[in-house]
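# A look at the structure
Below are the chains, spelled out letter by letter.
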Amino acid sequence: MLKLRASLLETARRFFAERGVLEVETPALARGLIVDAHIDPIICAYGVDGDLTQPDRVAALYLSPSPEAAMKRLLAAGSGPIYQIARVFRAGERGRHHNPEFTLLEWYRPGFDHHELMEEVGELIRRLLGVERWEKRTYREVFEASLAIDPLACENEELVRLAACKGLAAPPRLDESDRHAWLDLLLSVCVQPQLGRDAPVFVYDYPPSQAALAKIGGEDLPVGERFELFYRGVELCNGYHELTDPREHRLRFQEANLRRTAAGKQELPVDTEFLAAVDGGLPSCAGVALGFDRVVMLAAGVDSIGEVIAFPFGDDHVR
């Protein structure tokens with residue numbers, strides 16, 4: 001397994017070198033974050049001079065859930081196309097496809113939109129997993145095919161009724177008005193398991209409530225210019241035609257923190273250095289984060305990322 005992982009890493013690095021994409025490294029510790037309603041960071045106590053006994057000399061730092069903020073600061077400084085194979089950390093993520101510490105392959109392409117980046121992701125997956133083809137389908141299409149409902153035009157009440165008809169138990173505190181959460185529930189339980197059985201499939205143009213940090217576009221109805229890649233029912237990556245508007249960034253972080261507090265979670269500090277970089281000008285670009293451990297899992301033909309991580313998280317870590 002170690003040899004397979006090393007071979008896939010070598011293939012990825014060669015892929016980017018051929019395209020003139022620069023490998024970078026960014027910090028694993030941060031004072032502020034790109035706030036996401038559903039991603040919880042792991043908090044570290046940092047004591048001045050190593051002293052944790054004096055509260056006024058102890059600061060909270062966060063193990064990075066993603067290298068996104070720092071990489072976008074490099075883009076704003078003129079780095080050009082960049083990628084990183086990053087160790088990242090998320091609280092509460094443990095399961096067949098999750099580990100609190102895992103590897104993200106993240107890259108950014110100035111001048112690309114999400115369609116151009118999907119093509120590049122497809123070519124990389126061709127190299128890593130030996131697939132011959134991939135498909136592209138809109139978020140609207142996969143919902144209509146699996147659930148016979150238009151996720152862009154339907155009312156929230158229709159989503160709630162559909163979930164009930166499918167026998168889905170709503171998570172605690174899930175409000176009927178939280179369109180994002182109901183769509184995510186239906187996607188993960190009813191739609192995702194059917195995706196990519198024969199070939200990887202890109203799902204793109206998400207509802208605006210699911211846009212995260214993607215630009216809003218669309219013709220008949222607004223959509224978030226975002227995509228995810230699914231293969232054999234596994235989500236492999238999440239990509240955006242990146243938002244560049246500083247004001248909109250601040251609004252979305254505020255909305256994410258409101259969602260967090262409504263769900264009983266802690267409000268998180270925003271990465272002010274990232275916002276300052278966006279204020280200075282983030283170039284038009286597309287970016288994507290690929291779950292590398294999941295790619296190795298599929299390449300190895302196993303069912304859990306714990307089988308492809310040399311030291312997976314276990315019960316002994318919390319005793």
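Structure: see above.
These numbers come from a predicted model, not from an experiment.

## Quick word on the packing of aromatic side chains
- All chains considered together, the criterion is met by seven aromatic pairs.
- Judged by centre distance (5.3 Å) and plane angle (90°), the ring pair of Phe-15 and Phe-16 falls under edge-to-face. The pair Phe-15 / Phe-16 is uniform in exposure class, with both members buried.
- Ring-pair connections join several aromatic residues into one group, and the members of that group are Phe-15, Phe-16, Tyr-83 and Trp-107.
- Sitting over the face of the ring of Phe-15, Arg-19 holds its NZ or CZ atom 3.7 Å from the ring centroid.
- Here the basic side chain of Arg-226 rests over the ring of Tyr-206, its NZ or CZ set 4.5 Å away from the ring centre.

## So, helix 8 (residues 272-281)
- For helix 8, the set of buried residues is Phe-274, Leu-275, Ala-277 and Val-278. Taken down its axis, helix 8 places every buried residue within 160° of arc, on the same side. Exposed and facing more than 90 degrees away from the buried side of helix 8 are Thr-272 and Gly-280.
- In this fold, the buried residues of helix 8 make contact with helix 2 (68-76) and helix 7 (246-262).
- For helix 8, the N-terminal cap is Asp-271; the gap from its side-chain oxygen to the backbone nitrogen of Glu-273 is 3.1 Å.

## A closer look at the pattern of salt bridges
- As enumerated under the stated definition, the model contains 20 salt bridges in all.
- A salt bridge links Arg-260 to Asp-40; the nearest nitrogen and oxygen atoms lie 2.8 Å apart. Of the two residues, Arg-260 is situated in helix 7 and Asp-40 in the loop between strand 2 (29-30) and strand 3 (42-47); the sequence distance between them amounts to 220 residues.
- For Arg-260, a relative accessible area of 3% gives the class buried.
- Among the ionic pairs, Asp-279 bridges to Arg-250, the shortest N-O distance being 2.9 Å. Taken together, the residues span a long stretch of sequence, with Asp-279 in helix 8 and Arg-250 in helix 7 at a distance of 29 residues.
- The exposure class assigned to Arg-250 is partly exposed, which follows from its relative accessible area of 31%.
- Among the charged side chains, a salt-bridge network with shared partners connects Glu-18, Arg-19, Arg-109, Glu-120 and Arg-127.

## Re a negative patch on the surface
- A cluster of acidic side chains, namely Glu-155, Glu-157, Glu-158, Asp-175 and Glu-176, defines a negative patch on the protein surface.
- Note that Asp-175 resides in the loop between helix 5 (156-165) and helix 6 (179-191).

## Regarding the environment of Val-191
- Looking at the secondary structure, you find Val-191 in helix 6.
- Remark: the alpha-carbon pair of Val-191 and Ala-299, spanning 108 residues in sequence, is separated by 23 Å.
- With residues near it in sequence (within four places) discarded, Val-191 still touches Val-142, Phe-143, Ser-146, Leu-147 and Leu-186.

## Remarks on the environment of His-38
- Within the secondary structure, His-38 sits in the loop between strand 2 and strand 3.
- Taking the relative accessible area as the measure of exposure, His-38 reaches 43% and is therefore partly exposed.
- Measuring from C-alpha to C-alpha, the distance between His-38 and Arg-259 comes to 8.7 Å, with 221 residues separating the pair along the chain.
- Each residue touching His-38, except ones within four places of it in the same chain, is listed here: His-180 and Lys-265.
- A polar atom in the side chain of His-38 sits 3.0 Å from the side chain of His-180.

## Here we look at the nonpolar core
- If you look at the biggest cluster of nonpolar residues, it comprises 39 residues, and the most contacted ones within it are Trp-107, Val-121, Ile-125, Phe-227, Leu-236 and Leu-290.
- Sort the elements by how many residues they give to this core and helix 3 (residues 114-129) lands first, with seven residues.
- If we skip the residues at most four places from it in the chain, Trp-107 touches Phe-16, Met-71, Ile-82, Tyr-83, Leu-117, Glu-120, Val-121, Leu-124, Ala-286, Gly-287, Val-288 and Leu-290.
- Counting 25 residues, the second largest nonpolar core, distinct from the first, contains Val-160, Leu-174, Val-191 and Val-201.

## Here we look at the pairing of strand 4 (residues 58-63)
- As paired strands, strand 2 and strand 4 are joined by two bridges and run antiparallel to one another. Along strand 4, the bridge assignment pairs Ala-30 with Tyr-62.

Cut-offs applied
- Residues numbered from 1 in each chain as written.
- Predicted model: local features only at pLDDT ≥ 70, side-chain atom pairs only at ≥ 80, totals over all residues.
- Heavy atoms only, no water.
- Phe/Tyr/Trp six-rings, centres within 6.5 Å; stacked < 30°, edge-to-face > 60°.
- Buried < 20%, exposed > 50% of the residue type's maximum accessible area, 1.4 Å probe, protein only.
- Lys NZ or Arg CZ within 6 Å of the ring centre and 35° of its normal.
- Helix = DSSP H or I, 4+ residues; strand = E, 2+ residues; numbered from the N terminus.
- Arc of directions from axis to C-beta.
- Contact = heavy atoms within 4.5 Å.
- Polar contact = N/O pair within 3.5 Å; in protein donor to acceptor, adjacent residues only side chain to side chain.
- Salt bridge = Lys/Arg side-chain N within 4 Å of Asp/Glu carboxyl O.
- Patch = residues over 30% accessible without salt bridge, like charges linked within 9 Å, V, L, I, M, F, W, Y side chains within 5 Å.
- Areas by Shrake-Rupley, 256 points an atom, 1.4 Å probe, with all protein chains shown as cover.
- Lys, Arg positive; Asp, Glu negative; His and termini not counted.
- Charge placed at Lys NZ, Arg CZ, Asp CG, Glu CD.
- Core = buried A, V, L, I, M, F, W, Y, C linked by side-chain atoms within 4.5 Å.
- Pairing = 2+ DSSP bridges.

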